[in-house]
Amino acid sequence: MSIRRMSLDHHPGFDSGGFLWLQDLTGYPHGVLGPIFPLIIAGLHFTNVQVSFQKSSLQHVPGSLGLLTKIYRIYLQLLTLPILIATFNVPQGCLVYWLTNGSLSLIQLLCLRNPNVLEFLGLPIKKNPVVAPTNKEKGSSGVADICILTKQGEISANSLSPAELVVYSVKVLTDGRRDTAIRLLRLALEKDPDHARALLIMGQTLLQNKQFAEAAESLESAISKLLVAGHPTEVGKIDLLILSSQWAGIANIRQGKMEEGLLHLERIAQLEEPVDPKIKAHYYDGLFMLASALLNVDRKAESLKYLQMCAAYDPAYNTYFEFLETDSTDFASDLASSRRDF
């Protein structure tokens, strides 16, 4: 705006201090050569937008941030047309400034993508981000070189520990990207085949995908790892055993293997009531699943026993006594749709 005002006010030197065919910076683009600078300026803007977003990982981030980034990129691209129109309606002094600014911006962007320039300036060299699996897979897990965006920057999934991979798989699951989560979990299990939590989450994810046989296999593997030295005594492992048994029971029941499913659910009833509030909630969820499964095989008395235990813990379970009164066979399916998934 300052340059525009100086041009319009005929600042000393602006009427004859230009270059090439733009000697008079106070005038507007005109003649055969008039459109050249406006077109170059609009092209520079569009090129700068393309280069800026070319390797940006933000547009691949799931959720609202990724959506806003894509919308912002489209907005900047569409802005090329208003800029082109505007350049025909400003003094030529503004075009000289605009052309210089756009050119230097493009040079800066290109230089900062050059590893030699970054090394010379003492700046960290950023790896090319790949935030989603590509066709070029590494390892038998089918995991591409997935890079994960963290506060410290982008890191390769292959460099993470099994525990870290499990944590990131849960984050990916919250965004609904089950396929990516499964790849991360498979990589975690390649690194540590005995990782019970990875096996549990893998089973839960496969169960959501209705891959019941594969889910049961993963969950039963988690159970065997947890029971290899007898019943676990650590609080965390007890929780994993309860959850694995719950969902192994559901996975088998969904395949019509009622006896196998009951064996897993009855394992929960054999455990002592946990003290930790969160684990206790999982424990009674497991008893509730057992009660529903027992009702579906006409073991009503046992089902009532476990449901009463659940109701004593949380009165909200009283709602389900009506199923016992009506001999409903939809008890288990109601559970699967109304209780928590994890």
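This structure is a prediction, so every number in the text was calculated from the model and none was measured.

1. Remarks on the packing of helix α10 (residues 212-226) against helix α11 (residues 235-254)
Stage number 1. Across the interface, α10 lies against α11 with an axial gap of 8 Å and an inter-helix angle of 150°. What the angle tells us is that α10 and α11 run roughly antiparallel. The two elements α10 and α11 meet at a crossing, and its hand is left-handed. Here α10 contributes F212, A215, A216, L219, E220, A222, I223 and L226 to the contact with α11, which in turn contributes K237, L240, L241, S244, S245, W247, A248, A251, N252 and R254.
Stage number 2. Partitioned by chemical class, the residues of the contact of α10 with α11 number 12 nonpolar, three polar and three charged.

2. What about the environment of T205?
Stage number 1. With respect to the helices, strands and loops of the structure, T205 is situated in helix α9 (residues 196-208).
Stage number 2. Taking the C-alpha atoms as reference points, T205 and V170, 35 residues apart in sequence, are found 9.9 Å from one another.
Stage number 3. With sequence-adjacent residues up to four places away left out, T205 is seen in contact with L173, R178, I182 and L185.

3. Description of the packing of aromatic side chains
Stage number 1. In the structure shown here, the tally under the stated rule is four aromatic pairs.
Stage number 2. Centre to centre, the rings of Y283 and Y284 are 5.1 Å apart; their planes meet at 85°, and the pair counts as edge-to-face.
Stage number 3. Three or more aromatic residues joined by ring pairs make a cluster, and in this case those are Y283, Y284 and Y313.

4. Quick look at the packing of α11 against helix α12 (residues 258-269)
Stage number 1. Running from amino to carboxyl end, α11 crosses α12 at an angle of 165°, the nearest separation of the two axes being 7 Å. Taken together, α11 and α12 sit at an angle that is classed as roughly antiparallel. Note that α11 runs across α12; the crossing there is left-handed. On α12, the residues that touch L241, I242, S245, Q246, A248, G249, N252 and I253 of α11 are M258, E260, G261, H264, L265, R267 and I268.
Stage number 2. Tallied by class, the residues present in the contact of α11 with α12 amount to seven nonpolar, six polar and two charged.

5. Side note on the side chain of N48
Stage number 1. Following the sequence through the fold, N48 ends up in helix α2 (residues 36-54).
Stage number 2. Residue N48 is classed as buried on the basis of its relative accessible area, which comes to 12%.
Stage number 3. Residue contacts for N48: discarding those within four places in its chain leaves G102, S105, L106 and L109.

6. Some details on the UniProt feature "transmembrane region" (unreviewed entry) in the protein
Stage number 1. This chain's UniProt record puts "transmembrane region" (unreviewed entry) on residues 74-99.
Stage number 2. Along residues 74-99 the backbone is 81% helical and 0% strand, and the end-to-end C-alpha distance reaches 22 Å.

7. Some details on the confidence of the model for the protein
Stage number 1. Averaged over the protein, the pLDDT score is 79; the fraction of residues at 70 or greater is 80%.
Stage number 2. Highest mean pLDDT in the protein belongs to α9 (92); lowest belongs to helix α16 (residues 331-338) (47).
Stage number 3. Of the regions scoring below 50 in pLDDT, residues 127-142 engages in 33 contacts with residues more than four places distant in sequence or in other chains.
Stage number 4. Note that residues 335-342 has pLDDT below 50 and, in this model, 18 contacts with residues that lie over four places away or in other chains.

The rules behind each value
- Within any chain, residue numbers begin from 1 and follow the written order of that chain's sequence.
- Local features are withheld for residues below a pLDDT of 70 in this predicted model, meaning they are given only at 70 or higher, and side-chain atom pairs are given and counted only at 80 or more; totals for whole chains, interfaces and linings count all residues.
- Note that the side-chain values use all heavy atoms of the structure and ignore hydrogens as well as water.
- In this analysis an axis means a line fitted to C-alpha atoms, helices contributing only their contacting stretch, and an angle means the value between N-to-C directions, from 0 to 180 degrees.
- Helical segments are the DSSP runs of H or I of at least four residues, strand segments are the runs of E of at least two, and each set is numbered from the N terminus.
- If an angle is under 35 degrees, it is roughly parallel; if it is over 145, roughly antiparallel; if it lies from 65 to 115, roughly perpendicular; otherwise it is oblique.
- A crossing counts as left-handed when the near helix is turned anticlockwise from the far one by less than a right angle, and as right-handed when that turn is clockwise.
- Contacts are residue-level and defined by heavy atoms, with any inter-residue pair within 4.5 Å sufficient.
- When residues are grouped by polarity, Ala, Val, Leu, Ile, Met, Phe, Trp, Tyr, Cys and Pro land in nonpolar, Asp, Glu, Lys and Arg in charged, and all others, Gly among them, in polar.
- Pairing of aromatic side chains requires ring centres within 6.5 Å, counting the rings of Phe and Tyr and the six-membered ring of Trp. Pairs whose planes differ by under 30 degrees are stacked, by over 60 edge-to-face, and all others tilted.
- Relative accessible area decides the class of each residue, using a 1.4 Å probe on protein chains only: under 20% of the type maximum gives buried, over 50% gives exposed, and in between gives partly exposed.
- UniProt positions are given in the numbering used here, feature names are shortened, and annotations may be inferred rather than shown by experiment.
- Values of pLDDT, which run from 0 to 100, indicate the predictor's confidence residue by residue.

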